[in-house]
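Now for the letters of each chain:
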Amino acid sequence: MLPLDTPLQFLKGVGPRRAADLQKVGLATVEDLLYRFPIRYEDRGAFQTIATLRPGASASVAGEVVSCGLRPTRRPRFKIFEMLVRDRTGSLRAVFFNQPFLSDVFHPHQRVILFGRLELTSHGLQLQNPQYEIVKGEGEAHEGPDDDTLHTGRIVPIYEKTGTLTTKMQRAIVHQALAQIPGDLPDPVPAEVLGRQQLIARRPALAEVHFPSAGTPIEALNAFRTPAQRRLIFEEFFLFQTGLLLRRRAADAERKPRAVVVTDAIRESARTVLPFRLTGDQKKVVAEIIAD
């Protein structure tokens, strides 16, 4: 288990280069990462059949790879990876621009999940540069963050791009961090306060705010009004108010080397400076200022 103050470069999948990109936006530790919340959410959990797809819409599709490979173009440095996917209702093309490494990722008979915007082209309906997941079959090794389909087939968090780190990369890093932090995280909000405010605990709140459970209303998520979001927003205000209170107490406890005493002579001197006579309310306010 990793403590929250672990430097990000020691988190699996980060390393020095990505840690430097995260440092540029003030993220140095695992705690910093987990408290940088998604800017919005997309519901990619409802799969559509290929026969029901329409151009201009975004959709999640599950199917089998029929064929795939690089397609030559007239531009020598421009590569197109093309894939044909089918389900029980039909087939669909997916194209990826300048991603030749996908030749080593996909192969026929794989089960895949794709999410993207549908475009109507001269070749027919197709997905361009979709997000993807490869569904592991029985007996295949399950390693890394893609075991639980992070990028499709669920409600997906969208993070602001940071340096070379895309939102997809950040999603995988956050998933790794959540998998490695303790289940019994210390909670800065006292239990009696949590109970009184009907707030959930810290650890499940962090998990839900990054990877919401199926069925969480997408409108509530994007309005930041789910129980997990409410709890973490309350925590921020609670810590801010606690910090102000501690500073005030420290200031009150600090004894000045010389006590300030306002005498009648000082009051009379102040009155003579003013070119007018104070009203009753003004005298009251001056007395409050002196008392402070």
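Residues numbered from 1 in each chain as written. Predicted model: local features only at pLDDT ≥ 70, side-chain atom pairs only at ≥ 80, totals over all residues. Heavy atoms only, no water.

Student: Is there a simple way to think about the environment of Phe10 in this case?
Tutor: Here Phe10 is to be found in the segment before helix H1 (15-23). Sequence-wise, Phe10 and Thr29 are 19 residues apart; in three dimensions their C-alpha atoms are separated by 9.4 Å. (Helix = DSSP H or I, 4+ residues; strand = E, 2+ residues; numbered from the N terminus.)

Student: Just to check I follow, could you spell out the packing of aromatic side chains for this structure?
Tutor: Centre-to-centre distance and the angle between the planes together describe a pair of aromatic rings. The final tally for this structure, using the stated rule, is eight aromatic pairs. Where Phe234 meets Phe238, the ring centres are 6.2 Å apart and the plane angle is 20 degrees; that geometry is what we call stacked. Highlighted residues: Phe234 and Phe238, both in helix H7 (residues 227-253), separated by four residues, approximately one helical turn. Accessibility expressed as a relative area gives 22% for Phe238, which makes it partly exposed. Sitting over the face of the ring of Phe78, Arg75 holds its NZ or CZ atom 4.5 Å from the ring centroid. A cation over a ring is seen here: Lys168 above Tyr132, with NZ or CZ 3.7 Å from the ring centre. (Phe/Tyr/Trp six-rings, centres within 6.5 Å; stacked < 30°, edge-to-face > 60°. Buried < 20%, exposed > 50% of the residue type's maximum accessible area, 1.4 Å probe, protein only. Lys NZ or Arg CZ within 6 Å of the ring centre and 35° of its normal.)

Student: Is there a simple way to explain the environment of Phe96 in this structure?
Tutor: One can find Phe96 in strand S4 (residues 90-97). Judged by its relative accessible area of 1%, Phe96 is buried. Taking the C-alpha atoms as reference points, Phe96 and Pro130, 34 residues apart in sequence, are found 7.5 Å from one another. For Phe96, the contacting residues outside a window of four places in its chain are Lys79, Ile80, Phe81, Met83, Leu102, Asn129, Pro130 and Tyr132. (Contact = heavy atoms within 4.5 Å.)

Student: Looking at this structure, I do not really get the nonpolar core. What am I missing?
Tutor: One recurring pattern in soluble globular proteins is that nonpolar side chains are buried together. Leu8, Leu11, Leu33 and Leu34 are the most contacted members of the largest nonpolar core, which totals 31 residues. For this core, the elements supplying multiple residues, two or more each, are H1, helix H2 (30-34), helix H3 (167-180), helix H5 (202-210), helix H6 (218-222) and H7. With near-sequence residues (within four places) excluded, Leu8 lies in contact with Val14, Leu22, Leu27, Ala28, Thr29, Val30 and Leu33. Among the nonpolar cores identified, the runner-up in size contains 18 residues, and Leu53, Ala94, Leu102 and Leu118 belong to it. (Core = buried A, V, L, I, M, F, W, Y, C linked by side-chain atoms within 4.5 Å.)

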